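# Results of the structural survey
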Amino acid sequence: MKRVYIETYGCQMNVADSALMSHVLEDAGFRTTEDVQEASLVLLNTCAIRERAEDRVRARIRQLGQLKRIRPDLVLGVTGCMPKHLGKELLDRLPQVDLFLGPDSYRRLPELVEAAAQKPTLDLRLDDEDYSDLDPVSVEGVHAFVPIMRGCDRFCTFCVVPLTRGREKSLPLDDVIRQVESAVAQGARAVTLLGQTVNSWHHGAHRFVHLLDHVSRVPGLLRVRFTSPHPAEFEEEVFALMAERPGLCPQLHLPVQSGSDRMLEAMKRGHDRAQYRSLVDTIRRHLPDAGLSTDIIVAYPGESEEDFAETCSLIEEVRYDSAFLFRYSPRSGTYAHRKLRAEEIADEIAAARLQRVIELQERISHERYTRWVGRAVEVLVEGVSRRDPAHLVGKSADGKTVILPGGPEIGTLVRVEIGQATSHTLLARGVHEDDPVPGDRAVEQLEV
Ligand code: SF4
């Protein structure tokens, strides 16, 4: 029996893509293994969003090259955004690798693996592939990621995604619903809909709000989230629907990247600070307890101390529950890399700015988490705590990890009282067993 070992780097879309590759290869007679030593095919499914992600993959390829010296029949493949980003130059630079595939080539994996066993093979085409018929759903326990769109049409100046994943493609509504139903049949009680700008999903007469309406009515599904939306793509109807549907979780990731209008313009983000603040106000009007998170890049080329101060003041104003905070990482092929090299910020300034936003956000996260202490919170129980098997781990509706005492069944909704908070976790002191949460809540369909 041929065995494939897949290692995944980067975003949740890559996690879903790895599950897709695993399905395609299992249909062709492979078995997926967790043990690299017994694999005849090793795939590294990679990310190109930051230089550090590519460095990690290069180091891993060097390690696996040693395994290949002992087992020359092993086929080593690198898939995803990194080969698409770096292209043919990889063939010369990484002679240990037999197969390079971009994100639109996974359907052809079996034949390409065969070719790669004979000679180095590269397939980096971008086409209108959406894999909709292959059900690229990855179910882990009671949670599933369901890709609903691929690619991006926005071309922010720092980002390689439009170059590595191509233009936006939305899956048909029926395919999304079939995939969600299939995830529920495999045990999922919560799904996260995935896309690079997930809220720009549209198909025929259907817009994102209609998709949420349909998905939230799938029987057996308790919770629905989505990531990552683009702030400029939201329609207020989405928040109105989220406010009335218990299954649509009030958790929103709102990537802003900078609080400075000058930087937002330079990054070609498609909105300014005032529009973003107004979006946050609209969300909080409909969903006062929404959990908000963001992505921020500090030290984008040309960022002044004043620009950076604007980012800090935005963080203070919005008061995110959490944030992904990064230093600008130049990516070849992007506008910022081609045109703004001379304006890049010195390392020590960039590192100091990153440290300052991390400390700021840690303080705010702790305050945001602490406000739940003493309150009752509805939690979906997702598994057993890895640190302490006497406890369970779950998620609050607004996306916070909750540790609760053992007892309730995995996959059920329970109400707990929060006793303590850190800046990343809520600790429940008790489960309200006399106050169960209904598993099935009837709702009416929206009109299209
Ligand atoms: S919207 Fe997101 S994925 Fe698209 S180019 Fe901008 S940062 Fe990249």
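Residues numbered from 1 in each chain as written. Predicted model: local features only at pLDDT ≥ 70, side-chain atom pairs only at ≥ 80, totals over all residues.

As named in an unreviewed UniProt entry, the chain is tRNA-2-methylthio-N(6)-dimethylallyladenosine synthase, taken from Eiseniibacteriota bacterium. Of the comments in the UniProt record for the chain, the one headed Subcellular location (unreviewed entry) reads "Cytoplasm". What UniProt states about the chain under its Subunit (unreviewed entry) heading is, verbatim, "Monomer." (UniProt positions renumbered as here; feature names shortened; annotations may be inferred.)

## Here we look at the overall build of the chain
A count of helices and strands for the chain gives 14 helices and 22 strands. In terms of overall dimensions, the chain is globule-like: its C-alpha atoms have a radius of gyration of 22 Å, near the 22 Å expected for 448 residues. Buried positions account for 46% of the 448 residues belonging to the chain. Partitioning the contacts of the chain with sequence separation of at least 6, the portion at a separation of at least 24 is 72%. (Helix = DSSP H or I, 4+ residues; strand = E, 2+ residues; numbered from the N terminus. Rg over C-alpha atoms; globule rule 2.2 N^0.38 Å. Buried ≥ 20, exposed ≤ 12 C-beta atoms within 10 Å, placed from the backbone. Contact = placed C-beta atoms within 7 Å.)

## A look at the UniProt feature "domain: Radical SAM core" (unreviewed entry) in the chain
Under the UniProt annotation, the feature "domain: Radical SAM core" (unreviewed entry) is placed at residues 138–367. As a span, residues 138–367 carries 42% helix and 19% strand, and end to end its C-alpha atoms are 34 Å apart.

## Section: unusual backbone geometry
At the junction of T227 and S228, the peptide bond is cis and its omega measures out at -5° in the coordinates. Position of S228 relative to the elements: it lies in the loop between β14 (223–227) and α9 (236–244). Backbone geometry at F155 places phi at a positive 55°, although glycine is not the residue there. Along the chain, the position of F155 falls in the loop between β9 (149–150) and α6 (161–165). Its identity is not glycine, yet Q257 carries a phi of approximately 75°, on the positive side. Mapped onto the elements of the fold, Q257 is located in the loop between β15 (251–253) and α10 (261–266). Exposure remark for Q257: the 22 C-beta atoms within 10 Å place this residue in the buried category.

## Structural notes on the sheet that holds strand β18 (residues 376–384)
In space, the five strands of this closed barrel follow the order β18-β19-β20-β22-β21, with mixed pairing throughout. The average angle at which neighbouring strand axes cross in this sheet is 50°, direction not considered. Across five bridges, β18 lies against strand β19 (residues 391–396) in antiparallel orientation. Within β19, the position partnered with L380 by the bridge is K395. (Pairing = 2+ DSSP bridges. Axes fitted to C-alpha atoms, helices over the stretch in contact; angles between N-to-C directions.)

## Let's talk about the pairing of strand β16 (residues 291–298)
When you tally the buried positions in β16, you get seven out of eight residues, the bulk of the element. Bridge count between β15 and β16: three bridges; the pairing is parallel. Following the sheet pairing, H253 is matched in β16 by S293. Of the strand pairs in this sheet, β16 and strand β17 (residues 322–327) are connected by six bridges, and their pairing is parallel. By the bridge assignment, I297 is partnered in β17 with F326. Viewed along the sheet, the connection from β16 through helix α12 (residues 305–318) into β17 turns out right-handed. (Right-handed = clockwise from strand over helix to strand, strands pointing away.)

## Describing the packing of α12 against helix α14 (residues 347–370)
The contact between α12 and α14 brings their axes to 10 Å, and the two run at 10°. Relative to α14, α12 is oriented roughly parallel. Side by side, α12 and α14 meet where F308, T311, C312 and I315 of the first sit next to R353, V357, L360, Q361 and I364 of the second. Residues of the contact of α12 with α14, tallied by class, amount to six nonpolar, two polar and one charged. (Parallel < 35°, antiparallel > 145°, perpendicular 65-115°, else oblique. Nonpolar A, V, L, I, M, F, W, Y, C, P; charged D, E, K, R; others polar.)

## Regarding the site of the ligand
Around the ligand, the neighbouring residues are C152, R154, F155, C156, C159, V161, P162, Q196, T197 and H230. Grouping the constituent residues of the shell around the ligand by class yields six nonpolar, three polar and one charged. (Near = placed C-beta within 6 Å.)

## A closer look at the sheet that holds strand β5 (residues 99–101)
If you walk across this open sheet you meet the six strands as β2-β1-β3-β4-β5-β6, and the pairing is parallel. Edge positions in the open sheet fall to β2 (30–32) and β6 (121–123), since each of these has one partner strand only. Neighbour to neighbour, the strand axes of the sheet diverge by 20° on average, direction disregarded. As paired strands, strand β3 (residues 41–46) and strand β4 (residues 75–80) are joined by six bridges and run parallel to one another. Residue pairing for β4: V42 is matched across the bridge by L76. Running over the sheet, helix α2 (residues 51–70) touches β3 and β4 and is turned about 175° from β3.

## Details of the domain arrangement of the chain
Each domain of the chain was delimited in the assignment, giving domain 1 (2–123), domain 2 (130–249), domain 3 (251–371) and domain 4 (376–431). Looking at which element gives the most residues to the side of domain 3 that touches domain 4, the answer is α14, with five residues. A class-by-class count of the residues in the side of domain 3 that touches domain 4 yields two nonpolar, five polar and two charged. (Domains from an automatic or database assignment.)

## Notes on α2
The end-to-end C-alpha distance of α2 is 30 Å, a good match for the 28 Å that 20 residues give at a rise of 1.5 Å each. For α2, the set of buried residues is E54, V57, I61 and L64. Viewed end-on, α2 has its buried residues packed into an arc of 85°, placing them on one side of the element. Every exposed residue of α2 that faces more than 90 degrees away from the buried side is listed here: R52, D55, A59, R62, Q63, Q66, R69 and I70. (Expected span 1.5 Å × (residues − 1). Arc of directions from axis to C-beta.)

## Observations regarding the packing of helix α7 (residues 173–185) against helix α8 (residues 208–216)
Look at α7 against α8: their axes get within 10 Å of each other, and the N-to-C directions meet at 30°. By the angle between their directions, the pair α7 and α8 is classed as roughly parallel. The two elements α7 and α8 meet at a crossing, and its hand is right-handed. For the pair formed by α7 and α8, the contact residues are L173, V176, I177 and V180 on the first element and L211, H214 and V215 on the second. (Left-handed = near helix turned anticlockwise from the far one by under 90°.)

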